[in-house]
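# Understanding the architecture of this molecule
Letter by letter, the chains look like this.
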Amino acid sequence: MTLPDRIVLSSDHTAIPLRQAIAAHLAARGWTVLDIGPTTAESTDYPRHGEAAARRVASGDCRFGIVLCGTGQGIMMAANKVKGVRCGVCAEPYSAAMIRAHNDANMLALGARVVGEGLALAIIDAFLTTDFEAGRHAPRVAMIQALESE
Ligand code: RB5
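The subject of this paragraph is the site of the ligand. Around the ligand sit Asp12, Thr14, Tyr46, Cys69, Gly70, Thr71, Gly74 and Arg113, and those are all the residues in its vicinity. A distance of 2.6 Å is found between an oxygen atom of the ligand and a side-chain nitrogen or oxygen belonging to aspartate 12. Between an oxygen atom of the ligand and a main-chain N or O atom of glycine 74, the distance comes to 3.0 Å. Notes on the ligand: free accessible area 300 Å², of which the protein chains cover 70%. Classifying every residue of the shell around the ligand gives two nonpolar, four polar and two charged.

Structure, rendered in structure tokens:
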């Protein structure tokens, strides 16, 4: 399946300005951005937004997803409940590159109360410019996916 150069973005209320900065950054790098909100700062539930973004990735509608909440942790947990999604929280670029290279992550979670804009964009660039290495990592990723059907 050839995946589109489209990235879905979502967050809870803690991350709206950062999410908007990320959308602009991605668009400037040529990605088509599907920002599914929310757009107001009213308190909202991160599981709903994590699930919504994850379903866009799992369906193949979007190649990658980037999701944000205060820590990145809760929205990551929600996204990983959707079959076919591999989402990691990163607070530095090395891990962001490695979850692509070794884990074939298709979603990235960030904590808006953890990282500032500059670091968030550096993490995203590392994630998006690193390819899955496959090889010895492919069967391990398949083992993760197999757990979903247990
Ligand atoms: C909201 O206060 C906060 O709990 C949420 O953004 C996130 O950090 C949860 O994991």
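Still more to cover.
Let us now look at helix α5 (residues 117-128). In this model, α5 (12 residues) spans 16 Å end to end at C-alpha, consistent with the 16 Å of a helix rising 1.5 Å per residue. Where α5 is concerned, the buried positions are Ala120, Leu121, Ile123, Ile124, Ala126, Phe127 and Leu128. Structurally, α5 contributes buried residues whose contacts are with β1 (6-11), α1 (16-28), β3 (64-69), α4 (93-101) and β5 (107-111).

Put simply, α4 and α5 touch, their axes get as near as 7 Å, and they point 25° apart. Judged on the interaxial angle alone, α5 and α4 are roughly parallel. The element α4 and its partner α5 pack so that their crossing is right-handed. Packed against α4, whose contacting residues are Pro93, Ala96, Ala97, Ile99 and Arg100, the element α5 presents Leu119, Ala122, Ile123, Ala126 and Phe127 at the interface. Here the residues of the contact of α4 with α5 sort into nine nonpolar, no polar and one charged.

In this section: the packing of aromatic side chains. Scanning all chains against the criterion turns up two aromatic pairs. Ring centres 6.0 Å apart and planes at 65° place the aromatic pair tryptophan 31 and phenylalanine 64 in the edge-to-face group. Of this pair, tryptophan 31 sits in the loop between α1 and β2 (32-35) while phenylalanine 64 is found in strand β3, placing the two residues 33 residues apart along the sequence. Look at tryptophan 31 and you get buried, because its relative accessible area is 15%. On the basis of an interplanar angle of 70° and a centroid distance of 5.4 Å, the ring pair of phenylalanine 64 and phenylalanine 127 is categorised as edge-to-face. Of the two residues, phenylalanine 64 is situated in strand β3 and phenylalanine 127 in helix α5; the sequence distance between them amounts to 63 residues. Taken together, Trp31, Phe64 and Phe127 form an aromatic cluster joined through their ring pairs.

Definitions and cut-offs
Residues numbered from 1 in each chain as written. Predicted model: local features only at pLDDT ≥ 70, side-chain atom pairs only at ≥ 80, totals over all residues. Heavy atoms only, no water. Near = heavy atom within 4 Å. Polar contact = N/O pair within 3.5 Å; in protein donor to acceptor, adjacent residues only side chain to side chain. Areas by Shrake-Rupley, 256 points an atom, 1.4 Å probe, with all protein chains shown as cover. Nonpolar A, V, L, I, M, F, W, Y, C, P; charged D, E, K, R; others polar. Helix = DSSP H or I, 4+ residues; strand = E, 2+ residues; numbered from the N terminus. Expected span 1.5 Å × (residues − 1). Buried < 20%, exposed > 50% of the residue type's maximum accessible area, 1.4 Å probe, protein only. Contact = heavy atoms within 4.5 Å. Axes fitted to C-alpha atoms, helices over the stretch in contact; angles between N-to-C directions. Parallel < 35°, antiparallel > 145°, perpendicular 65-115°, else oblique. Left-handed = near helix turned anticlockwise from the far one by under 90°. Phe/Tyr/Trp six-rings, centres within 6.5 Å; stacked < 30°, edge-to-face > 60°.

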